[in-house]
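Each chain, written out:
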Amino acid sequence: MNFTITPLDKTLENAIQHSINLKTKPIGSLGYLEKTALQIGLIQNTKTPSLEKPTIVVFAGDHGIAIKGEVNPFPQIVTQQMVFNFLNGGAAINAFSNQNAIDLKIVDAGVNHDFGLIDGLIDAKIDYATKNYEDEPAMTMEQCQLAIQKGAEIVTATHNEGCNVIGFGEMGISNSSSAALLMSYFTAIPIAECVGAGTGLQMEAIKQKKRVLEHVYSSHTITSPLEALATFGGFEIVMITGAILKAAELRMTVLVDGFIVTAALLAANALEENVLDYCICAHNSDEQGHKKMLKHLDKKPLIDLGMRLGEGTGVAVAYPVIQSAVAFLNNMASFEAAGVTAS
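Residues numbered from 1 in each chain as written. Predicted model: local features only at pLDDT ≥ 70, side-chain atom pairs only at ≥ 80, totals over all residues. Heavy atoms only, no water.

1. Points about the pattern of salt bridges
One pass over the structure, following the stated rule, counts 7 salt bridges. Note that Lys105 and Glu161 form a salt bridge whose closest N and O atoms lie 2.9 Å from each other. On the criterion of sequence distance, the pair formed by Lys105 in strand β2 (residues 103–110) and Glu161 in the loop between α5 (141–160) and β4 (165–171) is long-range, its members being 56 residues apart. Residue classification places Lys105 among the buried residues on the basis of a relative accessible area of 16%. The exposure class assigned to Glu161 is partly exposed, which follows from its relative accessible area of 41%. (Salt bridge = Lys/Arg side-chain N within 4 Å of Asp/Glu carboxyl O. Helix = DSSP H or I, 4+ residues; strand = E, 2+ residues; numbered from the N terminus. Buried < 20%, exposed > 50% of the residue type's maximum accessible area, 1.4 Å probe, protein only.)

Structure, rendered in structure tokens:
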């Protein structure tokens, strides 16, 4: 798919910044909230932005490499079990989304299970897990392109429901390995600096994970961002890439979760210019490589709570900060209106 992502229209930048500066506070005293308010105003091209029908879409997919258990402490079956947990309302993302009145959508991007028709589950399955990239590319180029398309279609449908602020989460045993491989490709940072504990590996297991992924990385010759996605990606990661691109094209505010979703953002940024204009990085994950990802993208996270759960939980927990940025811009009085001396 081709996406047309226009740079932010800066026509109102001075007017929005002027409005921010005239609020009853010292200039800059609301810190990063001020930059966030300005960005959302520019995305929506208005001095009075609004957050409509906030939604988090969680994409789930399985990975071929998980079968061997070389890089993951949990078995592959946990992916499907967690999908059921999402649908039953028992996961952290359910708790935080409910707390903050965020709509939650669950997508089967490529779980190794036949769910049949289940209420609340979006069936976008490409295949029953990717291939093991120790032996061959994770997916074909055709599957990769289809996953991008399906991610875009889900965002389009969500946008048509009235949503203008969207975040993404993921579930997939071994997907931190895919994210590390993609991180290394898109940032040129050595694999050893991209690999972390994932779902809870201890020191010796992390060393083994690094050895396995270094071998995987050196076994493939990649010539394009799309080929990197097809070789190392999971179906859920590729769908998120397409989802991010489409959300930016639709001028939605895109809320980026942790390590896995940021790997998809790295790919989206390599595929299309201007996508970062529409993205707010919700939090700093405790997964080793995430800070380096954010530095590469020149993005500052809203919060840092030592989280590394995934599922979109960083987005859900940070969402009230987004609301605060919009609330002060729209509702805080100016010095003149409040009758307060400005200087």
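2. A closer look at the packing of α5 against helix α10 (residues 235–249)
Where α5 contacts α10, the two axes come as close as 7 Å, and the packing angle between them is 50 degrees. On the basis of the axis angle, α5 is oblique to α10. Here the hand of the crossing between α5 and α10 comes out right-handed. Together, Gln143, Cys144, Ala147, Ile148, Lys150, Gly151, Ala152, Val155 and Thr156 of α5 and Phe235, Val238, Met239, Gly242, Ala243, Lys246 and Ala247 of α10 make up the contact between the two elements. Per-class residue counts for the contact of α5 with α10 are 10 nonpolar, 4 polar and 2 charged. (Axes fitted to C-alpha atoms, helices over the stretch in contact; angles between N-to-C directions. Parallel < 35°, antiparallel > 145°, perpendicular 65-115°, else oblique. Left-handed = near helix turned anticlockwise from the far one by under 90°. Contact = heavy atoms within 4.5 Å. Nonpolar A, V, L, I, M, F, W, Y, C, P; charged D, E, K, R; others polar.)

3. What to know about the state of the cysteines
Applying the stated criterion to the full structure yields 0 disulfides. Cys279 forms no disulfide, and the closest cysteine sulfur to it belongs to Cys281, at a distance of 6.8 Å. Note on Cys279: relative accessible area 0%, which makes it buried. Look at Cys281 and you get buried, because its relative accessible area is 1%. (Disulfide = S-S within 2.5 Å.)

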